[in-house]
Amino acid sequence: LSLVLLSLLIFGLVGCGSNNNTTNNANNTTNNTDKKNPPTNQEYYDYLTERYNHYFNDNTLDTTYDIYVDDFTYDEFITAYNDSYDQLKNNLEAFKNDLKNNVVKGNDEVDKYNEEVITAADKAIIAVDDYTGTFVEKTKDYATLSKDEVVKGLRSLTLDAHNARLDLKNMIDNAKDKLGIK
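These figures come from a predicted structure and were not determined experimentally.

**Student:** Which residues make up the overall build of the chain, and what values do they have?
**Tutor:** Helix and strand content of the chain: seven helices and zero strands. Across the chain, helices and strands are ordered from the amino to the carboxyl terminus as α-α-α-α-α-α-α. For the chain, with 182 residues in total, the buried portion stands at 34%. Intrachain contacts of the chain at a sequence separation of at least 6 include 83% that bridge at least 24 residues.

As structure tokens, then:
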């Protein structure tokens, strides 16, 4: 009798385990099929804005730096400021890669707009590279300048990178209209 009960128990466990694998395989097949379908305009817009917010919502370049604080030291400020541009470049590259690798092609409107956003991200990356590549040479005398002169100099040096970031942000802000989403 105990042998029969043990057999039923083992058969039940093996049967359940086998059934779960079939269910998991069915779920995986469904998920893989979903990933191959191009996104609707709304799905793309939702993904685009989520990714943008993920990478750029708390950008320290927009919120952290106040050169007029009492404990300002030139070296600390400039180091942190430049580190933020390095982080911005990393975020731009990750954002671009997300769009390139995770947006399935097949919806002409989405494909076109996605390429435009990727191009805008490329322009921002180039502008940040231009800023970081020439910064040391252009700012070698900044430590001797007044705070107002440093601010004016930094604003002029970062203007292209700032404008490229704004162009990208405007593309994200205008995506709903461009994609015909109501």
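Resuming the write-up.
**Student:** Got a sec to walk through helix α2 (residues 41-56)? Specific residues and values, please.
**Tutor:** Between the first and last C-alpha of α2 there are 22 Å, a value that for 16 residues agrees with the 22 Å anticipated at 1.5 Å per step. Every buried residue of α2 is accounted for by Asn41, Tyr44, Tyr45, Leu48, Thr49, Arg51, Tyr52, Tyr55 and Phe56. Angular distribution of buried residues about the axis of α2 spans 165°; they occupy a single face of the element.

**Student:** Could you give an account of the environment of Ala164, with specific residues and numbers?
**Tutor:** Within the secondary structure, Ala164 sits in helix α7 (residues 159-178). Separated by 43 residues in the primary sequence, Ala164 and Ala121 have C-alpha atoms spaced 8.0 Å apart. In contact with Ala164, not counting residues within four places along its chain, are Lys123, Ala124 and Ala127.

**Student:** I'd like a rundown of helix α6 (residues 147-157), residues and numbers included.
**Tutor:** Residues of α6 that are buried include every one of Val150, Val151, Gly153, Leu154 and Leu157, and no others. Projected down its long axis, α6 shows its buried positions confined to an angular sector of 165°, all on one face. Seen from the buried face of α6, the exposed residues on the opposite side, beyond 90 degrees, are Asp148, Lys152, Arg155 and Ser156.

Reading the values: the criteria
Residues numbered from 1 in each chain as written. Predicted model: local features only at pLDDT ≥ 70, side-chain atom pairs only at ≥ 80, totals over all residues. Heavy atoms only, no water. Helix = DSSP H or I, 4+ residues; strand = E, 2+ residues; numbered from the N terminus. Buried < 20%, exposed > 50% of the residue type's maximum accessible area, 1.4 Å probe, protein only. Contact = heavy atoms within 4.5 Å. Expected span 1.5 Å × (residues − 1). Arc of directions from axis to C-beta.

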